[in-house]
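One-letter residues, chain by chain:
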Amino acid sequence: MKEKRKSMLSVFKEKKSEWLILPGVFMLGIVFFFLTMSNVHTETYDLDRFSIASETIRSPITIEDEQETVRKTRETVQSIPDRFDISDEITNEQINFAEEIFDAILTIEEDNKLDVDKENQDQDKLIPLTEQEKVQRLKMLLSDEISSVINDQTLMQLMQIPIEDREAGQKLLVDSLEQTLNNGVRTENLQSAISTVKENIKYSTINEDLKVPLNKLTEFLVVENSFFDVEQTMEARKEAASNVEPVVIRAGEVIVREGQTITNEVYENLELVGVLDKQRNVFPIIGLILFIILVCSIIAYELHLMNRNNNLDRAKIITVLIVTFLAVSIMKIVSLFTIEYNELYYIVPIATSSLLLKLLINERLALIMAALYAILGSIIFNGEIAGYLNAEAGVYLFFSQVSSIYFLMNVKDKTSILKSGFGITVVNIASVLLFIFLSFEKYALQDLLVHSGFAVVSAVLSSVLAIGLLPFFETGLNILSDVKLLQLSSPNQPLLKKILTEAPGTYHHSIMVANLSESACEAIGANGLLARVGAYYHDIGKTVKPHYFIENQLSIRNPHDFIDPSESARIIINHPYDGAELLKKYNMPKEIIDIAIQHHGTSLVKFFYYKEKENNKYVKESDFRYPGPKPQTKEAAIISISDSIEAAVRSLKEPTEEKIEEIVSSIIQDRMTDGQLDESPLTLKELKLIQKTTCEALKGIFHSRIQYPIKEAK
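Nothing here was measured: the structure is a model prediction, and the numbers come from that model. (Residues numbered from 1 in each chain as written. Predicted model: local features only at pLDDT ≥ 70, side-chain atom pairs only at ≥ 80, totals over all residues. Heavy atoms only, no water.)

Caption draft 1: Geometry of the packing of aromatic side chains. One pass over the full model with this rule turns up 12 aromatic pairs. When the centroid spacing of 5.8 Å and the interplanar angle of 65° are considered together, the rings of Y609 and F624 count as edge-to-face. Here F624 lies in the loop between α26 (606–615) and α27 (634–650) and Y609 lies in helix α26, a separation of 15 residues in the sequence. Across this residue pair, the class does not change: Y609 and F624 are buried. (Phe/Tyr/Trp six-rings, centres within 6.5 Å; stacked < 30°, edge-to-face > 60°. Helix = DSSP H or I, 4+ residues; strand = E, 2+ residues; numbered from the N terminus. Buried < 20%, exposed > 50% of the residue type's maximum accessible area, 1.4 Å probe, protein only.)

Pasting the structure below:
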């Protein structure tokens, strides 16, 4: 009998899937490489100078054209004019010379007037000064710089001008001189500066006799006062050179269009970006390999964590491989029809992958894979330009997937997927509008409608494909999803009908265990729906011999009264494994089968053990224990506890709150002491919460009722 049980256990024993992770991820890496190689591989061309381009060639990289940058810098530096320093000292000196001349003439005239007045008062008449004498006296008052240059004729002409006209001429000369000198007079423009002042004099309204001497003074007063400043010039040129932007050939920029002549400049650009040299092609491939290794490492690590927590099997690994292959392949196919301006990646139903991964595996893996798919999409939709990532495509694909995960909250049936499609639609359209409004380009209303239409189609396709592909994974790979759990919980399921008709007491017991298990699982964050459905089927093995279980013994004698305790124990112990065989026959999910096998663990069938011990003191306890295995998951452990608690509480004639709390506490303590929970991930804190939740649920079920009076017969 033991060998038979061991052979049965070997069939249902959980298989570790660690060895499948590395080959599966390696296969994904190969797929990633071949689907994205064209997006990073640089095509090279055999071209000659001055030939005609047979196709449009774009730059595969972003690189600086150093020669063009040097040429641009040189032209910029050469365009900077020389810097000159205007000497204020010379300017002020020349203006002072002009004022000195007119002030000296005024002084001579005033002195001469005094002499005349004195002559009229003096009895002895004095001889008045001649014009030449006045000039000589004037030259004695003037500085040597002036008197040595200005001739007597010019000074005499100035002195002959009436004072009012001379003052107007003085103002005109000083203003023109000041303006000209302040603008700077260099050697090369000295004559033009003199001509400018003379022009001002020529076309002024001053006395005509005054213009000639003023022109002579101009030739003396307008001098060079602006000198070349080496430091300022070098600093200005250095600043200009530093402000020159490098000439950069951007990735994706057209080097030459189809039909154009490959000039010497174009040929040099083609050579610069490496499309004429095959040696550079190896570096993008190396970068792609490193990227794929990183992506595959993340996937392998996440699968390893799931396997360590007993949440991974071969079917889930295959699911990840298939979903990933479909997601990347669809993106690659769409990219083949994507051109520069149609932005067809908006139509990719990428949210299908995240919907399937969340429904079939878990939310964490769906989120991580969503990020990886988005990064792969940014490479696939890069227009096959090496080194370029389409960030807009990556962000759109990521938002679309995250929205599908967020809006798929409570799965009641497959219509929940369609409802989440509405949320995906809103997020997709919002993403499209985001990119349009952030762009500097102007979009026509037609483009806006087309891109929004792509977003809507993407959301609808994602929902429809998820609904269409879900049964394939559920049936073909026998994966348990919330949708399938809801289907299995239907009373119309053949096995549930079998329990109801053949073992009605067991059916009622299973319903009660399901209620207790679901509330306990939800309290600690476990899968309440899995616990409920697992509880429905956990005692399906009792239908093999239903009358040997007390809940089904209605108005009949207990058949155990007529057989040996060891035989009774064998029948009782076999029911989890009989149930597992039956569940396997009906292709039930592995999780449900595991719960059926594990819900008694290696516990002792105490009643028949002690009954046998009364007649045989050498009886072995191991012969009266379930072979196991012990509960491996939180859901299986909680069903194991709830199964015992429900049976114990149901046996109470008058269940009170105190008795319920005592029984629940003692059963949980007994399970812990017997080591039945050692292999489950339940913590002491969670067990406390399970105890509290179970007591509250039982008190609600076995609440006190009003005792209605019985009407006596008259």
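Let us keep going from here.
Caption draft 2: Main features of the side chain of S335. Topologically, S335 is positioned in helix α14 (residues 314–336). On the basis of relative accessible area, S335 is assigned to the buried category, the value being 13%. Those residues in contact with S335 that lie beyond four places of it in its chain are I380 and F381. (Contact = heavy atoms within 4.5 Å.)

Caption draft 3: Up close: unusual backbone geometry. Put simply, G628 and P629 share a cis peptide bond, and its omega is 5°. Within the secondary structure, P629 sits in the loop between α26 and α27. Positive phi is not limited to glycine here, since F50 has a value of about 65°. Position of F50 among the secondary structure elements: in the loop between α2 (18–40) and β1 (57–58).

Caption draft 4: View of the pattern of salt bridges. Following the criterion strictly, the structure yields 23 salt bridges and no others. Salt-bridge contacts for E109 lead to R166; the nearest nitrogen and oxygen are separated by 2.7 Å. Of this pair, E109 sits in helix α4 (residues 88–121) while R166 is found in helix α8 (residues 163–182), placing the two residues 57 residues apart along the sequence. Given the relative accessible area of 27%, E109 is considered partly exposed. Residue R166 is classed as buried on the basis of its relative accessible area of 3%. (Salt bridge = Lys/Arg side-chain N within 4 Å of Asp/Glu carboxyl O.)

Caption draft 5: Here's a closer look at the environment of S644. Following the sequence through the fold, S644 ends up in helix α27. With 466 residues separating them in the primary sequence, S644 and E178 have C-alpha atoms 113 Å apart. The contact partners of S644, leaving out residues within four places of it in the chain, are I667 and R671.

Caption draft 6: Main features of the environment of H599. Mapped onto the fold, H599 is located in the loop between α25 (590–598) and α26. A relative accessible area of 0% means that H599 is categorised as buried. Through-space distance from the C-alpha of H599 to that of L448 is 58 Å; in sequence the pair is 151 residues apart. Once residues lying within four places of it in the same chain are set aside, the contact partners of H599 are H538, D539, H575, P576, I639, S640, D643 and R671. At 3.2 Å, the side chain of H599 forms a polar contact with the side chain of D539. Looking at H599, its side chain comes within polar contact range of the side chain of H575, at 3.5 Å. (Polar contact = N/O pair within 3.5 Å; in protein donor to acceptor, adjacent residues only side chain to side chain.)

Caption draft 7: Quick peek at the nonpolar core. Counting 69 residues, the largest nonpolar core has F32, I299 and F381 as the members making the most contacts within it. Put simply, the parts of the chain that give this core at least two residues each are α2, α13 (282–308), α14, α15 (351–360), α16 (363–380), α17 (391–407), α18 (415–438) and α19 (445–476). Sequence-distant contacts of F32, defined by excluding residues within four places in its chain, comprise I292, V295, C296, I299, T324, V328 and L376. L480, L582, F608 and A636 belong to the second-largest nonpolar core, a separate cluster that totals 38 residues. (Core = buried A, V, L, I, M, F, W, Y, C linked by side-chain atoms within 4.5 Å.)

Caption draft 8: A nonpolar patch on the surface, seen in detail. Taken together, V282, F283, I286, I289, L290 and I293 make up a surface patch of nonpolar side chains, about 570 Å² in accessible area. On the secondary structure map, L290 appears in helix α13. (Patch = residues over 30% accessible without salt bridge, like charges linked within 9 Å, V, L, I, M, F, W, Y side chains within 5 Å. Areas by Shrake-Rupley, 256 points an atom, 1.4 Å probe, with all protein chains shown as cover.)

Caption draft 9: Quick peek at the packing of α2 against α13. Where α2 meets α13, the closest approach of the two axes is 9 Å, and the angle between their N-to-C directions is 150°. Between α2 and α13, the angle is such that the two are roughly antiparallel. At the point where α2 passes α13, the crossing takes the right-handed sense. Contact with α2, carried on its side by E18, I21, V25, L28, G29, F32, F33, T36, M37 and V40, involves P284, I285, L288, I289, I292, V295, C296, I299, A300, L303, H304 and N307 of α13 and no other residues of that element. Here the contact of α2 with α13 is built from residues that sort into 17 nonpolar, four polar and one charged. (Axes fitted to C-alpha atoms, helices over the stretch in contact; angles between N-to-C directions. Parallel < 35°, antiparallel > 145°, perpendicular 65-115°, else oblique. Left-handed = near helix turned anticlockwise from the far one by under 90°. Nonpolar A, V, L, I, M, F, W, Y, C, P; charged D, E, K, R; others polar.)

Caption draft 10: α27, seen in detail. Relative to the 24 Å expected for 17 residues at 1.5 Å per residue, α27 spans 24 Å between its end C-alpha atoms, a close match to the ideal helical length. Across the 17 residues of α27, 13 count as buried, placing the element largely inside the fold. (Expected span 1.5 Å × (residues − 1).)

Caption draft 11: Up close: the confidence of the model for the protein. Of the residues in the protein, 91% reach a pLDDT of 70 or more, and the chain-wide mean stands at 85. Long-range and interchain partners of residues 1–15, a stretch whose pLDDT sits below 50, account for 26 contacts in this model, where long-range means more than four residues apart. (pLDDT = per-residue confidence, 0-100.)

Caption draft 12: How the structure looks around α8. Helix length check: α8 (20 residues) gives 28 Å between terminal C-alpha atoms against 28 Å at 1.5 Å per residue, within 8%. Inspection of α8 places R166, G169, Q170, L173, V174, S176, L177, T180 and L181 among the buried residues, and these make up the whole buried set. Phi turns positive one or two residues past the end of α8, at G184, with a value near 90°.

Caption draft 13: Broad picture of the side chain of Q94. Within the fold, Q94 resides in helix α4. Side-chain polar atoms of Q94 contact the backbone oxygen of F220, separated by 3.4 Å.

Caption draft 14: Seen up close, the packing of helix α24 (residues 565–585) against α26. In the contact formed by α24 and α26, the axes pass within 9 Å of each other and the chain directions differ by 165°. Relative to α26, α24 is oriented roughly antiparallel. Crossing angle aside, the handedness with which α24 passes α26 is left-handed. The segment α24 lies against α26, with P565, S566, S568, A569 and I572 engaging F608, K611 and E612. Along the lines of polarity and charge, the residues of the contact of α24 with α26 split into four nonpolar, two polar and two charged.

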